[in-house]
Amino acid sequence: MQMITFFLNRLKKTWEWFRWLLGIGLLAFLFHLYRDQYTDFIGRETDYLFLGLGVALASTATILAFYRWFLLARGQNLALRFRDAVRLGFVSNLFNYLAPGTAGGDIVRAVGIAKYQKTRQTVAAATVLLDRLFGMLALLIIGSIASLLNQELWYNREIMLAVLFLWGFALTGLICLVISLQTGLLRLSVIKRLIQFRFIGTVISELVNSLALYQTNRRTLAAALLTSLVGQVLMLSSFYFCAMALLPGPAAPDYSTHLMLIPAAEIISTFAPVPGGVGALEGTVIYIYHLVSTIADGSISGTVAQATGLASALTYRIVRVSISAIGTVYYMVSDRSWRNTLNVEEL
């Protein structure tokens, strides 16, 4: 038994670090593949007005994301100040890139908010998952609406599949949200049976009670969803202006196309088994830029469009990592007890 436990622990640690190698290896491969075109981008002038606008939009969107989580936590009457939500959020974002563990940065927020609670720690940690779901739902809704502005691209098979994906999951998410707010849901016999289970009954009971609290406070969920929509529009706009800062010309898609397709890249990078979606976001954006260029008038070669996608995604990533790093430094300086609060050694 001890040998099996030892083997599983070693396998877990090996996989954690392999994820880093996988992400870095994928990014290095993309650099090598488009090294000539990327070198050309490095030698170009940069529009710092667009870049500054991208930084400002990303910063605002980041704060709105923290506020969304704060709303969800306060909707459960949990002890969480907004400035603590901001601090934990910044550290969580940075841990998405630094933590080799499978939970990434979300575990930082879950542990952090749980430590502020004397009771209902399971519910507190569950608000982190709910916050992530609201973020993805907003991306799906924005992508679906933006697809209506780009119907001329629907005849392409890959883009049509992306549109169906966006609309299908957006509608599914909204339907599930509406159903979860129906009070009769908690009176179903299957819910009552789950609560009676020996090991998970207590946890399910806490989650059911938290859902009942949201059902009586629907305005909080509506505010959280609205905040998520505004924040994600700003974040997607930040990506667009980061791309425009490189002066790509027609090699980059227009604004509405970014709103339609970049949400898919964000979601794919969220589920990619690499820290912070490193390599996955860049690879997906490269494919999107190439796909759109093939539908255009043909004035831009596929290779140039792909290199533009790589440079745009990397610029966007550098902006987001920089914002998280600055916020984390502020957190450490302003609260010297951060190690005890997060218990970093246990992560």
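Here goes a summary of the coordinates provided. (Residues numbered from 1 in each chain as written. Predicted model: local features only at pLDDT ≥ 70, side-chain atom pairs only at ≥ 80, totals over all residues. Heavy atoms only, no water.)

**A closer look at the packing of aromatic side chains**
Remark: the centre distance and the inter-plane angle together describe each pair of aromatic rings, the angle taken between the planes. Note the cut-off: Two rings belonging to Phe, Tyr or Trp (six-membered ring only in the last case) form a pair when the distance between their centres is within 6.5 Å. Interplanar angles under 30 degrees mark stacking, angles over 60 mark edge-to-face geometry, and anything in between is tilted. Three exposure classes are used, based on accessible area relative to the maximum for each residue type with a 1.4 Å probe and protein chains only: buried under 20%, partly exposed in between, and exposed over 50%. Runs of H or I in DSSP of at least four residues are treated as helices and runs of E of at least two as strands, each being numbered from the N terminus.
All chains considered together, the criterion is met by nine aromatic pairs. Where Y240 meets F241, the ring centres are 5.4 Å apart and the plane angle is 75°; that geometry is what we call edge-to-face. Overall, the relative accessible area of 17% leaves F241 in the buried class. Between the aromatic rings of Y240 and Y255, the centroid separation amounts to 5.3 Å while the plane-to-plane angle is 75°, which identifies the pairing as edge-to-face. Within this pair, whereas Y240 is found in helix α10 (residues 218–244), its partner Y255 is found in helix α11 (residues 255–271), the two being separated by 15 residues in sequence. We classify Y255 as partly exposed; its relative accessible area is 30%.

**Some details on the environment of L164**
Examined against the element boundaries, L164 turns out to sit in helix α7 (residues 157–180). Overall, the relative accessible area of 52% leaves L164 in the exposed class. Taking the C-alpha atoms as reference points, L164 and S147, separated by 17 residues in sequence, lie 9.8 Å from one another.

**What to know about the packing of helix α3 (residues 48–74) against α10**
Formally: Axis geometry follows a simple rule: fit a line to the C-alpha atoms, using only the stretch in contact for helices, then measure angles between N-to-C directions, giving values from 0 to 180 degrees. Reported orientations rely on four angle classes, namely roughly parallel under 35 degrees, roughly antiparallel over 145, roughly perpendicular from 65 to 115, and oblique for the rest. The hand of a helix crossing depends on one turn: near helix anticlockwise from the far one by less than a right angle means left-handed, and clockwise means right-handed. Only Asp, Glu, Lys and Arg are considered charged in this grouping, and only Ala, Val, Leu, Ile, Met, Phe, Trp, Tyr, Cys and Pro are considered nonpolar; every other residue, Gly among them, is considered polar.
Packing of α3 against α10 brings their axes to within 8 Å, and their N-to-C directions diverge by 160°. When the interaxial angle is binned, α3 and α10 end up roughly antiparallel. In this structure, the crossing between α3 and α10 has a hand that is left-handed. When grouped by side-chain class, the residues that make up the contact of α3 with α10 number 19 nonpolar, 10 polar and one charged.

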